[in-house]
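Single-letter residue listing:
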Amino acid sequence: MSTAVFPGSFDPITVGHVELVKRAVPLFDRVVVAVGVNSQKSYLFDLEQRMEWLREVFADDNRISVDSFEGLTAHYCRKIGARYLLRGLRNASDFDYEKTISQLNEIVGEGLETIFLISQPAYSHISSTIVREIIKGGGDARPFLPPQLELPPRYDTPA
């Protein structure tokens, strides 16, 4: 069974993430959307909220599962028997960064293969970082979020 892990903070998950996962599903038997937890990092949304959103967004496809992990992504992949990492590329900067990480993961993960999918043009400008800034600034982030996401009241914007 071929399993790919799509790791990230998903703080929050965006329509770009969703589109990437849906494009990857036909390539693997299972795709695990895995929230990496780093105790040194601060998040806008807590882990439980992010996990709940992910489960709601991908509830209609049993080939997609949601999990969380601490530590190295490569170690998590080994633990669950995944041989592939899924990563999205929006631009050349993403490529340079992700190429280096994939080479390190291949060594640490003992042959862990990274599969890159290039973002569709309609999503290439969307990042969780930018969406977080829109939310924190009181802007309307709904065009960048899956429809299943309901922001907590303190972040919700007027209709």
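Our subject is the structure that appears above.
Residues numbered from 1 in each chain as written. Predicted model: local features only at pLDDT ≥ 70, side-chain atom pairs only at ≥ 80, totals over all residues. Heavy atoms only, no water.

### Focus on the side chain of H17
- Along the chain, the position of H17 falls in helix α1 (residues 15-24).
- Excluding residues that lie within four positions of it along the chain, H17 makes contacts with F6, F10, P12 and S128. (Helix = DSSP H or I, 4+ residues; strand = E, 2+ residues; numbered from the N terminus. Contact = heavy atoms within 4.5 Å.)

### Looking at helix α5 (residues 128-136)
- Those residues of α5 that sit buried are S128, V131, R132 and I135. Viewed along the axis of α5, the buried residues span an arc of 105°, placing them on a single side of the element.
- Elements in contact with the buried residues of α5: α1.
- The first or second residue beyond α5 is G138, which carries a positive phi of 85°. (Buried < 20%, exposed > 50% of the residue type's maximum accessible area, 1.4 Å probe, protein only. Arc of directions from axis to C-beta.)

### Notes on a nonpolar patch on the surface
- A cluster of nonpolar residues, L72, I107 and V108, forms a patch on the protein surface that exposes about 280 Å² of accessible area.
- As for its position among the elements, I107 is in helix α4 (residues 92-108). (Patch = residues over 30% accessible without salt bridge, like charges linked within 9 Å, V, L, I, M, F, W, Y side chains within 5 Å. Areas by Shrake-Rupley, 256 points an atom, 1.4 Å probe, with all protein chains shown as cover. Salt bridge = Lys/Arg side-chain N within 4 Å of Asp/Glu carboxyl O.)

### Some words on the layout of surface pockets
- In this structure, the largest pocket spans a volume of roughly 1200 Å³.
- The wall of the largest pocket is formed by 39 residues, among which P7, G8, S9, R87 and E98 lie closest to the centre.
- Counting residues per element, the ones that place at least two in the lining of the largest pocket are β1 (3-8), α1, β2 (30-37), α3 (73-80), β4 (84-89), α4 and α5.
- Take the lining of the largest pocket: its biggest share by element is seven residues, from α4. (1 Å grid on protein atoms, 1.4 Å probe; cavity = no way out; pocket = protein on both sides within 12 Å on 5 of 7 lines; lining within 4 Å. Points joined across faces, edges and corners; volume = space filled by probe spheres on them.)

Function cannot be inferred from these measures alone, as they are strictly geometric.
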